[in-house]
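Inside the fold
Here's the letter readout for the chains.
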Amino acid sequence: MAQSRVELFASIRRDRRNDPEVSVRALADRYGVHRRTVGEALASALSKPRKKAPPRVLVLASAHGWIDEMLRADLTAPSKQRHTVVRMYQRLATEYDFTLASISTVRDYVRKRRPDIAAEAHKQRVPVEAVVPQQHAPGAEAEVDFAEVWVRLVGEVIKCHQFTLRMSYSAKSVHRVFLSQAQEAFMEGHVEAFRVLGGVPFRHIRYDNLKPAVQRVCFGRNRVESQKWVAFRSHYGFEAFYCLPGVEGAHEKGGVEQEGGRFRRSHLVPVPDVESLDALNARIAEIERAADDRVLHGQNTSVGFRFREEAELLRPLPAEEFDCGVTLTPKVGRDSRITVRQSRYSVPARLIGSGPRPARPTAMPTAPATLIIDALLAVPNLRTDVRPGCRMSLRQRCAHFG
């Protein structure tokens, strides 16, 4: 194997130290190099830098500016009236008296330069987007989002919705799966998350423009919120920060966007097969407790360690939980049925003609979804993500009605 120049110099200098009487000629013959190379090795352990060859002067160099000007003019010219290489060559000869390069040389340069000219013009037209890393104070902020998940519930694969609340500082997250994104599920997810965290962020929580919270998007960040949602926020004492609509707003709460997808890929693949959402949410709660030992990229402490730092700064929970249920007053029809959220339910026939009856559909993660009528009849609500035209017949098993 051929020696490098540094190794050659080291060998020559070592032989000279071992035998000071050895001549330069003998060393040159021993290593098969010129005596001048031996002299350089004995003078210094490092060889002199090689001389760089002078840059080659291209024949077409003086015409680069003219050709670039033609290519830039083609960017705004009609597509059928742009320069060909032949036309460029002709213009160089007639207008600029340039005949030193051949047409093939011009063609090679145009082939490489045309994409660069187009890219430079595109960068000038499109402003460069930049992002600023966010810094969050402990206990101050959180982010909320829904993500779609599929669950095999009692043998049937149905689409559900994963609620995620993520603390911005520690990345401590709470996930719960609901059958819908209705306002009851939205608020029940908050209640469960606040219970797990032991408090409420003291500054604000970031949201998309979700229908359970926002009735109308106004100019800028102004929003018209639903009255039930305003009462919920007032009860727990936190402010809502609504992100900009569209893709721009997703960057304002990128932490929960990433967290929802990460949790779904890591723990809900393959599709979970459960008997109830209660069982699935209990399993998710166990996964969350184990996730406290997870260390995020770029951090030197775990999620649980950072959350313990901000847990003491959270706003305390109110003495009473907020009632997330919604009271409706559907009218009992002649067919002994009521319509609640585009779904039809059977009620006792004796209630026909008695006027509107108060009904409360609920969607709690810790109890079966129910429909309570007159606070006397509580029957299972088979689904909470009802759609227009969907009919449900409820079996009336209640001692009050026989």
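Use the structure listed above.
Here is what the cut-offs are and how they apply
Every chain is numbered independently, its residues counted from 1 as its sequence is written. The model is predicted, so local features are restricted to residues of pLDDT at least 70 and side-chain atom pairs to those at 80 or more, both for listing and for counting; the totals for chains, interfaces and linings are taken over all residues. Note that the side-chain values use all heavy atoms of the structure and ignore hydrogens as well as water. For helices the rule is a DSSP run of H or I covering at least 4 residues; for strands it is a run of E covering at least 2, with both sets numbered from the N terminus onward. Three labels apply to residues, based on accessible area from a 1.4 Å probe with only protein chains included: buried if under 20% of the type maximum, exposed if over 50%, partly exposed otherwise in between. Any pair of residues with heavy atoms lying within 4.5 Å of one another is described as a contacting pair. Here, the arc refers to the directions that run from the helix axis to the C-beta atoms. Put simply, a nonpolar core is a bunch of buried Ala, Val, Leu, Ile, Met, Phe, Trp, Tyr and Cys residues held in one set by side-chain atoms that sit within 4.5 Å of each other. Working definition: rings of Phe, Tyr and Trp (its six-membered ring) pair if their centres are within 6.5 Å, and the pair is stacked with planes under 30 degrees apart, edge-to-face with planes over 60 apart, and tilted otherwise. Two strands are said to pair when DSSP picks up at least two bridges between them. Salt-bridge detection follows one rule: a side-chain nitrogen of Lys or Arg within 4 Å of a carboxyl oxygen of Asp or Glu. As a rule, the C-alpha atoms of each element are fitted with a line to give its axis, helices using only the stretch in contact, and angles between N-to-C directions run from 0 to 180 degrees. Orientation is classified from the angle alone, with under 35 degrees giving roughly parallel, over 145 giving roughly antiparallel, 65 to 115 giving roughly perpendicular, and any other angle giving oblique. Each crossing is labelled by how the near helix is turned from the far one, with a counterclockwise turn of less than a right angle marking it left-handed and a clockwise turn marking it right-handed. Each polar contact in these results corresponds to two N or O atoms within 3.5 Å; when the atoms are within protein, one needs to be able to donate a hydrogen and the other to accept it, and residues that are neighboring in sequence are counted only if both atoms are side-chain atoms.

Details of the overall build of the protein chain
Helices and strands together make up the secondary structure of the protein chain, namely twelve helices and 13 strands. Burial statistics for the protein chain: of 402 residues in total, 40% are counted as buried. Long-range pairs, those at least 24 residues apart, make up 59% of the contacts in the protein chain with a sequence separation of at least 6.

Comments concerning helix 3 (residues 35-43)
Taken as a whole, helix 3 has its buried residues at T37, V38 and A41. For helix 3, the angular spread of the buried residues around the axis is 100 degrees, confining them to a single face. Across from the buried face of helix 3, at angles greater than 90 degrees, the exposed residues are R36 and A43. As for helix 3, its buried residues are in contact with helix 1 (5-18) and helix 2 (24-31).

Structural notes on the environment of A28
Mapped onto the fold, A28 is located in helix 2. Taking the C-alpha atoms as reference points, A28 and I12, separated by 16 residues in sequence, lie 8.9 Å from one another. In contact with A28, not counting residues within four places along its chain, are V33, H34, R35 and V38.

Quick word on helix 12 (residues 303-311)
Along helix 12, the residues classified as buried are V303, G304, R306, F307 and E310. Projected down its long axis, helix 12 shows its buried positions confined to an angular sector of 160 degrees, all on one face. Close packing links the buried residues of helix 12 with strand 2 (156-167) and helix 7 (183-197).

So, the nonpolar core
Soluble globular proteins tend to pack their nonpolar side chains together in the buried interior. L165, F186, W229, F232 and F238 are the most contacted members of the largest nonpolar core, which has 30 residues in total. Taken together, the elements giving at least two residues each to this core come down to strand 1 (141-153), strand 2, strand 3 (173-178), helix 7, strand 4 (204-207) and helix 8 (227-236). Top contributing element to this core by residue count: helix 7, with seven residues. Excluding its chain neighbours within four sequence positions, the residues that come into contact with F232 are M187, H190, V191, F194, F238, F322 and C324.

Focus: the packing of aromatic side chains
Tallied over the entire structure, the rule returns 15 aromatic pairs. Taken together, a centroid distance of 5.8 Å and an interplanar angle of 65 degrees make the contact between F186 and Y207 edge-to-face. Of the two residues, F186 is situated in helix 7 and Y207 in strand 4; the sequence distance between them amounts to 21 residues. Y207 shares its class with F186; the two are buried. Taken together, a centroid distance of 5.5 Å and an interplanar angle of 90 degrees make the contact between Y207 and W229 edge-to-face.

Observations concerning the pairing of strand 1
Most of strand 1 sits inside the fold, with ten of its 13 residues counted as buried. Two strands pair when backbone bridges link them, and strand 1 and strand 4 are joined in this way by three bridges, in the parallel orientation. In the sheet register, A142 faces strand 4, and the bridge partner there is I205. Taken together, the twelve bridges between strand 1 and strand 2 define a ladder with antiparallel strand orientation.

Regarding the pattern of salt bridges
In this structure the tally under the stated criterion is 25 salt bridges. Each of the salt bridges in this network shares a partner with another, and the network as a whole consists of D68, R72, R113 and E120.

Quick notes on the packing of helix 1 against helix 2
Where helix 1 meets helix 2, the axes come as close as 11 Å, and the angle between the chain directions of the two elements is 135 degrees. With respect to helix 2, the axis of helix 1 lies oblique. Here the hand of the crossing between helix 1 and helix 2 comes out right-handed. For the pair formed by helix 1 and helix 2, the contact residues are L8, S11, I12, D15 and R16 on the first element and V24, L27, R30 and Y31 on the second.

Quick word on the environment of I12
Along the polypeptide, I12 turns up in helix 1. By relative accessible area, which is 0% here, I12 ends up buried. For the pair I12 and G39, spaced 27 residues apart in sequence, the C-alpha separation works out to 9.6 Å. Those residues in contact with I12 that sit more than four places away from it in its chain are L27, Y31, V38, A41 and L42.

A word on unusual backbone geometry
Excluding glycine, residues mostly have negative phi values, and the peptide bonds linking residues are mostly trans. Cis rather than trans, the peptide bond between V269 and P270 has omega equal to 0 degrees. Its place among the elements puts P270 in the loop between helix 10 (254-267) and strand 8 (273-274). Notably, D97 is not glycine yet its phi reads approximately 55 degrees, a positive angle. By the secondary structure assignment, D97 is in the loop between helix 5 (85-94) and helix 6 (103-125). Unlike most non-glycine residues, A171 shows phi in positive territory, near 70 degrees. The residue A171 is located in the loop between strand 2 and strand 3 in this model. A relative accessible area of 3% places A171 in the buried class.

Looking at the side chain of H136
Tracing the sequence through the fold places H136 in the loop between helix 6 and strand 1. For H136, a relative accessible area of 16% translates into the label buried. At a separation of 3.1 Å, a polar atom in the side chain of H136 contacts the side chain of E141. With near-sequence residues (within four places) excluded, H136 lies in contact with E141, S168 and Y169.

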